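Architecture at a glance
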Amino acid sequence: VCSSDLITVMIFLTALTFLICQSVPLEPVPVIVGEVCCANMIGAATLIGAPPNLMMATTLNYGFYRVFLNMAPVVFASAAVFMIVYYAQHRLSFVASGSGRHAFALHQPQQVPVHGWNRLAFLRKVDLTTILFFMGLFILVGALEQVGVFKALAQRLLRVQSPLTLILATLWLSAIVSALVDNIPMALALAYLIKRLGAMSPEFPSGMLVWAALVGLTLGGNMTPVGASPNLIAYGLMEKRNIHVGWRRWAVLTWPASLSALVAASFFLWVKYRIAWY
C-alpha cells in the first residue's frame, strides 16, 4: 500500500475479500471497511502511497524521504491505535459463522466469458457525475488561489500566538472537513494555504502544519464513505453486490476507532513539535 495506488489496491482487495468471506464465511462489511481504513492510513506513510500526500508534497516541493521520515512514525502509531480499537469493537464480526465447506485455496477457478468490447456500453459505466464533481472542486480551489483568498487566510492565521494551537486545530479541522468532502481537493487547498503562510513567515513551523493536515485528512477520510477515493470504490463495489452499508453504519463502524486515532495523533504531533522534528 505504501508504494502503490490505493484505488487499484482496493479494487483488487475488495473483490478478493468477497470471495474469502463467502468461503469462511464472514460478514464482509466490517472486514472491507477495516481494510479501506487501514489502506488509507498506511498508504499515508509515503509520498506516493496516498493521493493527498502526492498532491500536497508536489505543490510544496517536498521529497519522498522527507515525507516518509515525518509521516511514517505518526501514521503507523495512529494506525496501531485505530486497529486495536476497531478490532475490540468488531471482534465478534471477525468470527466465522460456520466452518465453510471448502477452503478458499482449493476453489476451482471459474471461466469468465469474454465478449466483444462495446464502446457505448463502456462509456455509460463511466461515473461522469463524480468526474465533474472533482473537476469543479479543483477549478474552485484554483480560483480561490488566484483571487487571493488563501493569502488573506494566511495573514489571519499568522495572528495566532500559539503555533501548537494552530497545529492541533489544523489536524482536527482537516479531519472534520475531509469526512464531508473528498480529501484530495482539500489537500490541494491546504497546500496553497500553507505555502502562502510559509512565504509570509519563514520562521513559522509550517512543516508541522503539513504533517498535521495530512494526518487529519487521512484519519478524517476514514469516517464517511465519501471521505477518500478508496472508500468510494469499496462502497460502490459493495452496492453492486446488493450490500447496502449507508452513511450511518459506516460511521458506527469507523468513528470510535477514528476518533481514538485522532487523539493519539494529537499526542504524537505534540511530541514532534516539542522536539522540533519537522
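Our subject is the structure that appears above.
Residues numbered from 1 in each chain as written. Predicted model: local features only at pLDDT ≥ 70, side-chain atom pairs only at ≥ 80, totals over all residues. Heavy atoms only, no water.

1. Regarding the packing of helix α2 (residues 28–43) against helix α4 (residues 64–90)
In contact at an axis separation of 9 Å, α2 and α4 are set at 165 degrees when each is read in the N-to-C sense. Put simply, α2 runs roughly antiparallel to α4. The interaxial crossing formed by α2 with α4 has right-handed handedness. Contacts between α2 and α4 involve Pro30, Val33, Gly34, Cys37, Cys38, Met41 and Ile42 from the former and Val75, Phe76, Ala79, Phe82, Met83 and Tyr86 from the latter. For the contact of α2 with α4, the class distribution of residues is 12 nonpolar, 1 polar and no charged. (Axes fitted to C-alpha atoms, helices over the stretch in contact; angles between N-to-C directions. Helix = DSSP H or I, 4+ residues; strand = E, 2+ residues; numbered from the N terminus. Parallel < 35°, antiparallel > 145°, perpendicular 65-115°, else oblique. Left-handed = near helix turned anticlockwise from the far one by under 90°. Contact = heavy atoms within 4.5 Å. Nonpolar A, V, L, I, M, F, W, Y, C, P; charged D, E, K, R; others polar.)

2. Brief notes about the packing of aromatic side chains
With the rule as written, the count across this model stands at 7 aromatic pairs. Judged by centre distance (5.6 Å) and plane angle (15 degrees), the rings of Phe82 and Tyr86 are stacked. Within this pair, Phe82 and its partner Tyr86 are both found in helix α4, separated by 4 residues, close to a single helical turn. Summarising the burial analysis for this pair, Phe82 and Tyr86 share the class buried. Arranged with centres 6.3 Å apart and planes meeting at 35 degrees, the rings of Tyr86 and Phe94 form a pair that is tilted. (Phe/Tyr/Trp six-rings, centres within 6.5 Å; stacked < 30°, edge-to-face > 60°. Buried < 20%, exposed > 50% of the residue type's maximum accessible area, 1.4 Å probe, protein only.)

3. Let's talk about the nonpolar core
Counting residues in each nonpolar core, the largest one holds 58 residues, and the members touching the most others are Met56, Met71, Val210, Trp211 and Met238. Here this core takes 10 residues from helix α10 (residues 206–221), the largest share from any one element. Sequence-distant contacts of Met56, defined by excluding residues within four places in its chain, comprise Ala187, Leu190, Ala191, Val210, Ala213 and Leu214. (Core = buried A, V, L, I, M, F, W, Y, C linked by side-chain atoms within 4.5 Å.)

4. Concerning helix α3 (residues 51–60)
Within α3 the residues assigned to the buried category are Pro52, Asn53, Met56, Ala57, Thr59 and Leu60. Down the axis, α3 shows its buried residues gathered within 165 degrees of arc, on one side only. Residues of α3 that are buried sit in contact with α2, α4, α9 (183–200) and α10. Two residues or fewer past α3, Asn61 is found with a positive phi of approximately 60 degrees. (Arc of directions from axis to C-beta.)

5. As for the side chain of Ser201
Positionally, Ser201 belongs in the loop between α9 and α10. By relative accessible area, Ser201 is classed as buried at 8%. There is a polar contact of 2.8 Å between the side chain of Ser201 and the side chain of Glu203. (Polar contact = N/O pair within 3.5 Å; in protein donor to acceptor, adjacent residues only side chain to side chain.)

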